[in-house]
Amino acid sequence: MAIVLKVDKDNPDLEALEKAAQVLDAGGLVAFPTETVYGLGADALNPEAVRKIFVAKGRPQDNPIIVHVGKKEQVYSLAENVSPIAERLMERFWPGPLTLIFYKSNLVNDIVTAGSPKVGIRQPMNKVALKLLEIFGRPIAAPSANASGRPSPTRAEHVIEDLGDRIDMIIDGGEVSFGVESTVLDVTTDPPIIYRPGACPKEEIERVIGRKVLLWKGKKTEDIPSPGLKYRHYAPKVPLYIIEEFNEIWQNKIDIWLKEGKKVGILVSKENEGLYPDIVKKYVVGSRNNLKEVALNLFFYLRKLEKEVDIIISESFPEEGIGLAIMDRLRRAAGEG
């Protein structure tokens, strides 16, 4: 089993993080909190260490991994041709939940990028992650610290559940801040393309660069320099359905499931809790007026419900701000992405 070291998220224990850095230096795997979700880290410059990430997660080899840096200056050794737009975005959003895709330098091994000439890089905001990166002194390759295809981990217990017997160490820094992954933006294209909506809103990105960005609408068979697109992701162990509007059709479906003896749970907003029948279990994920709250609770409740019900239903949410990321995750979890 992995060694679990609990640290204060605002004032992390340096001794614990030094031990984690030693594990990384020896080519091991360390799960650690970021502001988005927990990441599974390996030395980004050690191909054999990065390969262990794919094995531990059961991750397909053609699914690239994001590289995390402790300082913006590290980007210039990992990437080629850092554009003025990229400079502006780093200045505004780093540290923070925005991953930028650059053409990679020779320092980045193809295993990190799944053979793509491009690499995704970000500087996390979380104090534990930043301090670990500072102590380690090198970039850390880190996808989400969950078994491949599962809901992303927002707490250390989720990491233990999925990977506790497959990795070396878990840094328990408490609950994360956002609950969905970073936004992935390709700054090598014109206009820039968001491959994965995330915790950094599209509207804010456009405001900073003074122009529109595109949302990727390609095919899963394409070579994509971003994680989270080719395969079913974020899925609970039971079926998930999305309700755009609760109506008689959905009422009939629920009645049939209940008659079959199935337990049904519904993810609802505070505003709409009363719309759904009391005979099903209702789980309030937050307010439609506070989509950050919904995002933070989403993966937590998907993991909770899969243990308590046979079928999960989720209402849909406005696709603005972080709501774009919420709906992206729900559709992929339901197998629609």
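Residues numbered from 1 in each chain as written. Predicted model: local features only at pLDDT ≥ 70, side-chain atom pairs only at ≥ 80, totals over all residues. Heavy atoms only, no water.

Identification of the protein as Threonylcarbamoyl-AMP synthase from Dictyoglomus thermophilum is taken from an unreviewed UniProt entry. Listed under Subcellular location (unreviewed entry) in UniProt, the entry text for the protein is "Cytoplasm". (UniProt positions renumbered as here; feature names shortened; annotations may be inferred.)

## A look at the pairing of strand β14 (residues 264-269)
Within β14, 6 of the 6 residues are buried, which leaves the element mostly enclosed by the surrounding structure. Where β14 and strand β16 (residues 311-315) come together, 4 bridges link them in parallel fashion. Bridge pairing in β16 links glycine 265 to isoleucine 312. (Buried < 20%, exposed > 50% of the residue type's maximum accessible area, 1.4 Å probe, protein only. Helix = DSSP H or I, 4+ residues; strand = E, 2+ residues; numbered from the N terminus. Pairing = 2+ DSSP bridges.)

## Comments concerning the UniProt feature "domain: YrdC-like" (unreviewed entry) in the protein
Within the UniProt annotation, "domain: YrdC-like" (unreviewed entry) is assigned to residues 14-200. In residues 14-200, the share of helix is 32% and the share of strand is 21%. The end C-alpha atoms are 29 Å apart.

## A look at the UniProt feature "binding site: L-threonine" (unreviewed entry) in the protein
Residues annotated by UniProt as "binding site: L-threonine" (unreviewed entry) correspond here to Thr36, His68, Arg122, Ala142 and Ser182. Their sequence span is 147 residues, while the largest C-alpha to C-alpha distance among them is just 12.6 Å; these annotated residues converge on one region. With respect to the helices, strands and loops of the structure, arginine 122 is situated in strand β7 (residues 118-122). In this structure, alanine 142 sits in the loop between β8 (140-141) and α7 (156-163). A relative accessible area of 6% places alanine 142 in the buried class. Excluding residues within four positions of it along the chain, alanine 142 makes contact with Phe32, Gly39, Leu40, Gly41, Ile65, Ile66 and His68. (Contact = heavy atoms within 4.5 Å.)

## Section: a nonpolar patch on the surface
Where nonpolar side chains cluster on the molecular surface, the patch consists of Met1, Val4 and Ile160 and spans about 300 Å² of accessible area. With respect to the helices and strands, the residue valine 4 is situated in strand β1 (residues 3-6). (Patch = residues over 30% accessible without salt bridge, like charges linked within 9 Å, V, L, I, M, F, W, Y side chains within 5 Å. Areas by Shrake-Rupley, 256 points an atom, 1.4 Å probe, with all protein chains shown as cover. Salt bridge = Lys/Arg side-chain N within 4 Å of Asp/Glu carboxyl O.)

## Brief notes about the side chain of arginine 196
Structurally, arginine 196 is set in strand β11 (residues 193-196). Looking at arginine 196, its side chain comes within polar contact range of the main-chain oxygen of serine 182, at 3.0 Å. (Polar contact = N/O pair within 3.5 Å; in protein donor to acceptor, adjacent residues only side chain to side chain.)

## Concerning the domain arrangement of the protein
For the protein, the assigned domains are domain 1 (3-215) and domain 2 (240-334). Computed over C-alpha atoms, the centres of domain 1 and domain 2 are 29 Å apart. Listed as interface residues are 26 residues of domain 1 and, on the opposing side, 16 residues of domain 2. When residues of domain 1 are sorted by the area they lose upon contact with domain 2, Pro151, Val180 and Pro197 head the list and together hold 28% of the total. The tally of links between domain 1 and domain 2 comes to 5 salt bridges. Residues glutamate 161 and arginine 303 are paired through a salt bridge, measuring 3.5 Å at the closest nitrogen-oxygen approach. Inspection of the domain 1/domain 2 interface yields 9 residue pairs in polar contact (both at pLDDT 80 or more). Elements represented by at least two residues in the side of domain 1 that touches domain 2 include exactly α7 and α8 (202-209). With 3 residues, α7 is the single largest residue contributor to the side of domain 1 that touches domain 2. Grouping the constituent residues of the side of domain 1 that touches domain 2 by class yields 9 nonpolar, 8 polar and 9 charged. (Domains from an automatic or database assignment. Buried area = accessible area lost by both parts, 1.4 Å probe. Nonpolar A, V, L, I, M, F, W, Y, C, P; charged D, E, K, R; others polar.)

## Things to note about the packing of helix α1 (residues 14-25) against helix α6 (residues 127-136)
Interaxial distance between α1 and α6 falls to 9 Å at its minimum, and their mutual angle equals 55 degrees. With respect to each other, α1 and α6 are oriented oblique. By crossing handedness, the relation of α1 to α6 is classed as right-handed. Contacts between α1 and α6 pair Leu14, Leu17, Glu18, Ala20, Ala21, Leu24 and Asp25 from the former with Val128, Lys131, Leu132, Ile135 and Phe136 from the latter. Looking at side-chain class alone, the contact of α1 with α6 contains 9 nonpolar, no polar and 3 charged residues. (Axes fitted to C-alpha atoms, helices over the stretch in contact; angles between N-to-C directions. Parallel < 35°, antiparallel > 145°, perpendicular 65-115°, else oblique. Left-handed = near helix turned anticlockwise from the far one by under 90°.)

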